[in-house]
Amino acid sequence: MSSDVRFTDFKSDKQPTWCPGCGDFGTMNGIMKALANSGNDPDNTFLVAGIGCSGKIGTYMHSYAIHGVHGRSLPVAAGAKLANPNLTVVAAGGDGDGYSIGAGHFIHAVRRNVDMAYVVMDNRIYGLTKGQASPTSREDFETSTTPEGPQQPPVNPLALSLAAGGTFIAQSFATDHKRHAEIVQEAIEHDGFGFVNVFSPCVTFNDVDTYDYFRDNLVDLKETDHDPTDYDAAKDKILDSSKEYEGIIYKDESSVSYEQNFGVTENMSDIPSGAPDDAMDLVREFY
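The shown structure was predicted, so the numbers you read here are calculated from the model rather than taken from an experiment.

A short note on unusual backbone geometry
Part 1 of the argument: Phi at R124 takes a positive value of approximately 60°, unusual for a residue other than glycine.
Part 2 of the argument: With a phi close to 60°, Q151 is a non-glycine residue in the positive phi region.
Part 3 of the argument: One can find Q151 in the loop between strand 4 (116-122) and helix 6 (157-163).
Part 4 of the argument: Assessed through its relative accessible area of 54%, Q151 is described here as exposed.

As structure tokens, then:
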């Protein structure tokens, strides 16, 4: 941990190829600010990215990173954290990557409560594959492959997280820079699985869930009397489909991370030279 790190220290020399105006720029900048503000540094940070526009984030940030396969960022991130509990681990992905093919991993990562953060860039569309409906698209959202809309209700990732036993559930808006960075920082500093769904508008393929839409409809829970430690109040907010909420929706202050629960404290990433004792006897047993 260092107090001398600036968020620009997390910038790589690679120029992003996201569309001009993409919400992922703001999401990434907020992650970098959150990491710096929480005293982390690039040498102790591991970023795991999924597939899609959001999956490029590991290339544009200066830290240890891996660009994995579709929907599988969370098990890789959890494995890295358990192998080296001293690392600050952040998984990043999109709504298609995390809530479709990755939905099963998402639910189990939530319930395991490994001490890591998961930041999802939710633009409510598949952007990289040219504008198909995603799990979080509106029921009547018209695309080239769903000309009459998906005709099914969107997935509520916050509800999935709460039902799976989530201990930190939050939502932010990519261009509300200061607030977004604050929320991600709280997720990183949370003892357990910190989940942040980020409204990250796609300016190329989604002309419904736009910057103007979110500016006009977002309700910041920080400006209300919402108590994020109140489970029932959090459930009411999560199931309220009439509003778009920003802020910490639920936080279990008694959260015990997987590592604490099972005594995972040693760095297992340092592999000694040579085969472990009796390894060849074990191999011969199966051949």
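Here we look at empty space enclosed by the protein
Part 1 of the argument: Scanning the entire structure with this criterion turns up one cavity of 30 Å³ or more.
Part 2 of the argument: In this structure, the largest cavity occupies an estimated 30 Å³ of space.
Part 3 of the argument: Among the elements of the structure, helix 3 (73-83) and helix 4 (95-101) are those that each provide at least two residues to the lining of the largest cavity.

Things to note about the UniProt feature "domain: Thiamine pyrophosphate enzyme TPP-binding" (unreviewed entry) in the chain
Part 1 of the argument: Under the local residue numbering, the UniProt record ascribes the feature "domain: Thiamine pyrophosphate enzyme TPP-binding" (unreviewed entry) to residues 51-198.
Part 2 of the argument: Helix and strand shares over residues 51-198 are 35% and 20% respectively, and the end C-alpha atoms of the span are 16 Å apart.

What about the packing of aromatic side chains?
Part 1 of the argument: Per the stated rule, a full pass over the model turns up 13 aromatic pairs.
Part 2 of the argument: Consider the rings of Y118 and F193, whose centres lie 6.2 Å apart with planes at 45°: the pair is tilted. Taken together, the positions of Y118 in strand 4 and F193 in strand 6 (residues 193-199) put the pair 75 residues apart, joining distant regions of the chain. The same class applies to Y118 as to F193, namely buried.
Part 3 of the argument: For the ring pair F173 and Y211, a centre distance of 6.2 Å and an interplane angle of 50° mean the geometry is tilted. Within this pair, whereas F173 is found in strand 5 (residues 168-173), its partner Y211 is found in helix 8 (residues 211-217), the two being separated by 38 residues in sequence.
Part 4 of the argument: Overall, the relative accessible area of 4% leaves F173 in the buried class.
Part 5 of the argument: Three or more aromatic residues joined by ring pairs make a cluster, and in this case those are Y99, F106, Y118, F193 and F195.

Considerations on helix 7 (residues 177-189)
An α-helix turns once per 3.6 residues; consequently, residues spaced three or four apart project the same way.
Part 1 of the argument: A rise of 1.5 Å per residue sets the reference length of helix 7, with its 13 residues, at 18 Å; its end C-alpha atoms lie 18 Å apart and thus fit the reference within 8%.
Part 2 of the argument: Looking only at helix 7, the buried set comprises R179, H180, A181, I183, V184, Q185, A187 and I188.

Quick word on the pattern of salt bridges
Part 1 of the argument: With the rule as written, the count across this model stands at ten salt bridges.
Part 2 of the argument: The partner of E182 in a salt bridge is R179, with the nearest N and O atoms 3.5 Å apart. In this pair, E182 and R179 both sit in helix 7, three residues apart, roughly one turn of the helix.
Part 3 of the argument: A residue is classified by how much of its surface remains accessible, and R179, at 10% relative accessible area, is buried.

A look at the layout of surface pockets
Part 1 of the argument: Looking at the largest pocket, its volume works out to about 510 Å³.
Part 2 of the argument: Around the largest pocket, the lining is made up of 24 residues, and of these R124, P154, S241, K243 and E244 lie nearest the centre.
Part 3 of the argument: When residues of the lining of the largest pocket are traced back to their parent elements, those giving at least two are helix 6, strand 6, helix 9 (231-238) and strand 8 (244-251).
Part 4 of the argument: Of the residues assigned to the lining of the largest pocket, the class counts are ten nonpolar, six polar and eight charged.

Calculation rules
Numbering of residues begins from 1 in every chain and follows the order in which that chain's sequence is written. Local features in this predicted model are restricted to residues of pLDDT 70 or higher, and side-chain atom pairs are both shown and tallied only at a pLDDT of 80 or more, whereas totals for entire chains, interfaces and linings draw on every residue. The side-chain quantities take in all heavy atoms of the structure and omit both hydrogens and water. Secondary structure is summarised from DSSP: a helix means a run of H or I of at least four residues, a strand means a run of E of at least two, and numbering begins at the N terminus for each. Categorising residues by exposure relies on relative accessible area from a 1.4 Å probe, with only protein chains included: less than 20% of the type maximum marks a residue as buried, more than 50% marks it as exposed, and the intermediate range marks it as partly exposed. The rule is simple: put a 1 Å grid over the protein atoms alone, call a set of points where a 1.4 Å probe fits but cannot get out a cavity, call an open set with protein on both sides within 12 Å along at least five of seven lines a pocket, and count a residue as lining if it has an atom within 4 Å of a point. Grid points are joined across faces, edges and corners, and a volume is the space filled by probe spheres set on the points. UniProt positions are given in the numbering used here, feature names are shortened, and annotations may be inferred rather than shown by experiment. Only Phe, Tyr and Trp rings take part, Trp by its six-membered ring, and two of them pair if their centres are within 6.5 Å. Stacked means planes under 30 degrees apart, edge-to-face means over 60, and tilted covers everything else. One less than the residue count of a helix, multiplied by 1.5 Å, gives the span that helix is expected to have. A carboxyl oxygen of Asp or Glu within 4 Å of a side-chain nitrogen of Lys or Arg is what we treat as a salt bridge. Residue type decides the class: Asp, Glu, Lys and Arg count as charged, Ala, Val, Leu, Ile, Met, Phe, Trp, Tyr, Cys and Pro as nonpolar, and the leftover types, Gly among them, as polar.

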